[in-house]
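Now for the letters of each chain:
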Amino acid sequence: MRFRAKIVDLACLNHFSRVVNTVARLAKTCTLRLAEDKLYFILSDKVANGGVSVWCELCQGNFFDEFQMEGVAAEHNEIYLELVPENLSRALKTAQNAKTVKIKLTNKHCPCLTVAVELPSLSSTSRIVTHDIPVGVIPRRLWSDFREPSVPDFDVSIYLPVLKTMKSVVERMKNLSNYIVIEANLSGEMNLKIETDLVSVTTHFKDLGNPPWVSDDESPSSAQGKDLESMAEARIDIKKLLQLLAGQQVNPTKALCNIVSRRIVHFILLHEDVSLQYFIPALA
């Protein structure tokens with residue numbers, strides 16, 4: 001099992017750093033899955049226990065100048081590692097104006113991701129700062145626990161308002177309640193609501209637009225049978241929503257939200273070469 005990669009381009013390095021930073025704000029520990037053409041950061045708290053799930057996918061070719069790996073076996077050419085993303089985020093922070101960053105799977109007392117940062121220096125010798133990040137190697141028999149979460153058929157899919165705006169609304173609401181209701185319909189309307197014994201607050205967004213999802217077995221007209229005005233809603237933990245909005249550094253070109261009424265809210269943030277999915281289970 002071997003893995004080594006190298007980033008030379010500063011823009012790619014900063015972009016990768018932002019992605020890792022975002023993941024670190026969403027998950028204390030996560031699984032890093034390495035495949036030949038992609039990397040995945042996965043957090044699969046069992047949704048049944050009220051935990052969130054995160055699935056972040058990156059095309060390695062858009063970040064790394066070199067990327068070599070040999071998986072567990074020829075027919076299973078992948079590596080699954082458990083790590084604390086905050087440790088990787090901290091290591092990358094030292095690399096903000098680095099000449100190169102090399103990441104390698106090593107074994108020093110325990111398996112590690114070793115991040116070697118070559119910094120520019122005034123003399124002819126370069127300074128190299130090395131970080132050893134302990135990782136756990138996940139055995140193959142457990143890999144099936146880390147499959148991409150399946151999305152149940154959602155009732156409504158809607159584009160999100162500007163995330164900064166949404167964040168400031170949710171931040172104000174969190175002082176009033178621990179729970180927030182997200183509701184949306186197929187006419188591009190979305191409401192964020194808080195209802196307590198003392199106060200009821202609603203923020204309305206309209207003209208957001210609904211993504212044109214058409215699955216293979218569905219003609220575009222089947223959506224026409226649905227009542228476009230009726231709201232699908234889910235009540236969720238406001239802190240988990242804020243965690244996503246506050247931790248988000250990927251600056252997505254598209255952000256959308258799928259609601260399965262009273263079951264789950266599924267967020268998708270898309271940037272050219274990164275997709276981040278975040279699942280928050282609904283509360284009764």
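Residues numbered from 1 in each chain as written. Predicted model: local features only at pLDDT ≥ 70, side-chain atom pairs only at ≥ 80, totals over all residues. Heavy atoms only, no water.

The protein chain goes by Checkpoint protein HUS1 in an unreviewed UniProt entry, where it is assigned to Crypturellus undulatus. As stated in UniProt under Sequence similarities (unreviewed entry), the record for the protein chain gives "Belongs to the HUS1 family." Regarding the protein chain, the relevant UniProt record gives this comment under Subunit (unreviewed entry): "Component of the toroidal 9-1-1 (RAD9-RAD1-HUS1) complex, composed of RAD9A, RAD1 and HUS1. The 9-1-1 complex associates with LIG1, POLB, FEN1, RAD17, HDAC1, RPA1 and RPA2. The 9-1-1 complex associates with the RAD17-RFC complex. HUS1 interacts with POLB, HDAC1, FEN1, PCNA and RAD9B. HUS1 does not interact with RAD17. Interacts with DNAJC7." (UniProt positions renumbered as here; feature names shortened; annotations may be inferred.)

Participant: Could you give an account of a nonpolar patch on the surface, with specific residues and numbers?
Facilitator: Judged by side-chain polarity, Met1, Val72 and Val137 come together as a nonpolar surface patch covering roughly 240 Å² of accessible area. Within the secondary structure layout, valine 137 lies in strand 10 (residues 136-137). Owing to a relative accessible area of 36%, valine 137 belongs among the partly exposed residues under this scheme. (Patch = residues over 30% accessible without salt bridge, like charges linked within 9 Å, V, L, I, M, F, W, Y side chains within 5 Å. Areas by Shrake-Rupley, 256 points an atom, 1.4 Å probe, with all protein chains shown as cover. Salt bridge = Lys/Arg side-chain N within 4 Å of Asp/Glu carboxyl O. Helix = DSSP H or I, 4+ residues; strand = E, 2+ residues; numbered from the N terminus. Buried < 20%, exposed > 50% of the residue type's maximum accessible area, 1.4 Å probe, protein only.)

Participant: Give a description of the packing of helix 3 (residues 163-173) against helix 4 (residues 238-247) that names residues and reports values.
Facilitator: Between helix 3 and helix 4, the least distance of the axes is 10 Å, while the angle of their chain directions is 145 degrees. Of the two elements, helix 3 crosses helix 4, and the hand of that crossing is left-handed. Across the interface between the two elements, Leu163, Met166, Lys167, Val170, Glu171 and Met173 from helix 3 touch Ile238, Leu241, Leu242, Leu245 and Ala246 from helix 4. A per-class count over the contact of helix 3 with helix 4 returns nine nonpolar, no polar and two charged. (Axes fitted to C-alpha atoms, helices over the stretch in contact; angles between N-to-C directions. Left-handed = near helix turned anticlockwise from the far one by under 90°. Contact = heavy atoms within 4.5 Å. Nonpolar A, V, L, I, M, F, W, Y, C, P; charged D, E, K, R; others polar.)

Participant: Got a sec to walk through the side chain of glutamine 277? Specific residues and values, please.
Facilitator: Within the secondary structure, glutamine 277 sits in strand 18 (residues 274-281). A relative accessible area of 8% places glutamine 277 in the buried class. Within the local environment of glutamine 277, its side chain forms a polar contact with the side chain of histidine 266, the two groups lying 2.8 Å apart. (Polar contact = N/O pair within 3.5 Å; in protein donor to acceptor, adjacent residues only side chain to side chain.)

Participant: So, empty space enclosed by the protein: which residues are in play, and what are the values?
Facilitator: According to the stated counting rule, one finds one cavity of 30 Å³ or more in the structure shown. Approximately 60 Å³ is the volume attributed to the largest cavity. The wall of the largest cavity is formed by Phe3, Phe16, Leu32, Leu34, Leu39, Phe41, Phe64, Leu88, Ile103 and Leu113. Only strand 2 (30-34) and strand 3 (38-44) provide two or more residues apiece to the lining of the largest cavity. (1 Å grid on protein atoms, 1.4 Å probe; cavity = no way out; pocket = protein on both sides within 12 Å on 5 of 7 lines; lining within 4 Å. Points joined across faces, edges and corners; volume = space filled by probe spheres on them.)

Participant: Any details on the domain arrangement of the protein chain? Residues and values, ideally.
Facilitator: Each assigned domain of the protein chain is listed here: domain 1 (2-145) and domain 2 (156-214 + 227-281). Of the residues lining the interface, 20 residues belong to domain 1; the matching set on domain 2 comes to 19 residues. In this assembly, domain 1 and domain 2 are joined by zero salt bridges. Taken together, domain 1 and domain 2 are joined by eight residue pairs in polar contact (both at pLDDT 80 or more). Taken together, the elements giving at least two residues each to the side of domain 1 that touches domain 2 come down to helix 1 (10-26) and strand 4 (53-59). Of the residues assigned to the side of domain 1 that touches domain 2, the class counts are 10 nonpolar, seven polar and three charged. (Domains from an automatic or database assignment.)

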